[in-house]
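The residues making up each chain are set out below.
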Amino acid sequence: MAHRELLTRHRSVMPKWLALYYEQPIEFASASGRRVTDREGRTYLDFFAGILTNAIGYDVAEISDAVRSQIDTGVLHSSTLYLIQSQVELAEKIAELSGIPDAKVFFTNSGTEANETALMLATQRRRSEQVLALRNSYHGRAFATVGITGIRGWSASALSPVKVSWVHGGYRYRSPFRDLSDADYVRACVADLREIIETTTAGDVACMIVEPIQGVGGFATPPDGLFGELKKVLDEYGILLVSDEVQTGWGRTGEHFWGIQAHGVVPDAITFAKGLGNGLAIGGVVARPDLMDCLGANSISTFGGNPLATAGALASLNYLLEHDLQANAADLGARLLDGLRAVARAHPVVGDVRGKGLMIALELVGPDGAPHPAAAAALLEETRERGLLVGKGGLYGNVIRLAPPMTLTRAEADEALEILTQSIEAVAKEVQQR
Ligand SMILES: Cc1ncc(COP(=O)(O)O)c(C=O)c1O
């Protein structure tokens, strides 16, 4: 009842393009660990973590204490006109973790602003408005970032300050190169990149931006090494590489701290957001110093890197490193992937199981292999019915995304696997009966 009434008010005052999950949307009233309780008293295991943002989980004492002590100083905000100790300390940590020599950091409030900043830096540095992006990409909701979004369902406007050329490689499952070996797939993408640069650009491209695993695009995971090979071509033309780690950063992929590290390459800039603040609004760019310092005018973010967000983010990053959550993501991610691959073998409605660490996707397909968004919608409802929250995505809206807090326990992983197994069986039956 509480949800229904709030939904009516939501619909009348919020934009119609602001999508809500579930036929009967829910509000989180309280949460702890990896579980959330809704306004009507139902508790769920959360496998989407506020879109990969509650990376450590809910009600984490170390983070709440850090935020509380900042509140207790009376300074919630000062602006970038003044020194902020937690901001500098966080920047130093991220610069070191980035692997970019002598890196510098600029903080924003979101992933969109982080990518807008990276695009501004690259286009200024190279004095070019040309950008290369991957098909099936998502980088944010402002003009430049919508301009480089390669998913029709998230392309709200055609207006763009950048000129984009689209490159193959991120989304292998529906790629024309899908049946090639890993090595040949990489070779085909390298040839495509070279042809795109030579035939669709004026040659002096500013940068290429990539998600190491495409998030909104359905956790599309290219073969390791792909971006390293693409970077060799970019280097021939002096084109910068920006790695959008808004979803793949902070060890979520398990094997590496940044998703791009699976490709044996250090990018010129990394953009980040989501998991860093464990729910506090913070994002940013870490980049080569010549790139970061290339702007010839003042540029600030009033709220970016504010004392509250950076105090919380610092506590969150320390927690993540001290508890080696990356190793936990690798361990439990492998367990989930194995379990889900076994379920998928028995149910052809699951056409693909992919991902790394705690970033796992199920692509749902019809008998002919075509995208099956209705099956994904049904799986979202079936899992919720059984007490598990998951995400949805993909170019065709037919992908289920699993990305729990990285503090997940083995028992919780097994619980989710059991619910997913039952839910996939139910959806497979529904699809057959149609
Ligand atoms: C890879 C990636 N980049 C950028 C963004 C935009 O981040 P925000 O929604 O914080 O603006 C998102 C959001 O989902 C994302 O997944």
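In this report, the structure presented in the accompanying data block is examined. (Residues numbered from 1 in each chain as written. Predicted model: local features only at pLDDT ≥ 70, side-chain atom pairs only at ≥ 80, totals over all residues. Heavy atoms only, no water.)

As for the site of the ligand
Residues in contact with the ligand, as listed here, are Ser-110, Gly-111, Thr-112, Asn-115, Tyr-138, His-139, Gly-140, Glu-211, Asp-244, Val-246, Gln-247 and Lys-274. Gly-111 places a polar main-chain atom, nitrogen or oxygen, 2.9 Å from an oxygen atom of the ligand. Thr-112 is positioned with one of its side-chain polar atoms (N or O) 2.5 Å from an oxygen atom of the ligand. For the ligand, whose unbound accessible area comes to 390 Å², protein coverage reaches 84%. Sort the elements by how many residues they give to the shell around the ligand and helix α5 (residues 111-126) lands first, with three residues. Considered class by class, the residues forming the shell around the ligand number two nonpolar, seven polar and three charged. (Near = heavy atom within 4 Å. Polar contact = N/O pair within 3.5 Å; in protein donor to acceptor, adjacent residues only side chain to side chain. Areas by Shrake-Rupley, 256 points an atom, 1.4 Å probe, with all protein chains shown as cover. Helix = DSSP H or I, 4+ residues; strand = E, 2+ residues; numbered from the N terminus. Nonpolar A, V, L, I, M, F, W, Y, C, P; charged D, E, K, R; others polar.)

Digging into the sheet that holds strand β3 (residues 43-46)
Reading across the sheet, the four strands line up as β1-β2-β3-β13 and stay open at both edges, with mixed pairing between neighbours. Edge positions in the open sheet fall to β1 (28-32) and β13 (388-389), since each of these has one partner strand only. Two elements, β1 and strand β2 (residues 35-38), share four bridges in a ladder whose sense is antiparallel. Bridging across to β2, Phe-28 finds its partner in Asp-38. (Pairing = 2+ DSSP bridges.)

Observations regarding the environment of Asn-278
Along the chain, Asn-278 turns up in the loop between β9 (269-272) and β10 (283-287). Its relative accessible area of 12% is what places Asn-278 among the buried residues. In this structure the C-alpha to C-alpha distance between Asn-278 and Pro-405, which are 127 residues apart in sequence, comes to 9.3 Å. The contact partners of Asn-278, leaving out residues within four places of it in the chain, are Thr-53, Asn-54, Ala-55, Ile-56, Gly-57, Val-60, Ile-63 and Ser-316. Here the side chain of Asn-278 touches Ile-56 through a polar contact of 2.7 Å, landing on its backbone nitrogen. In this structure the side chain of Asn-278 is engaged in a polar contact, spanning 3.0 Å, whose partner is the backbone oxygen of Gly-57. (Buried < 20%, exposed > 50% of the residue type's maximum accessible area, 1.4 Å probe, protein only. Contact = heavy atoms within 4.5 Å.)

Considerations on the sheet that holds strand β11 (residues 350-356)
Spatially, β11-β12-β15-β14 is the arrangement adopted by the four strands of the open sheet, whose pairing is antiparallel. In the strand order of this sheet, the two ends are held by β11 and β14 (391-393), each with one partner. Averaged over neighbouring strand pairs, the angle between their axes works out to 25° when direction is ignored. (Axes fitted to C-alpha atoms, helices over the stretch in contact; angles between N-to-C directions.)

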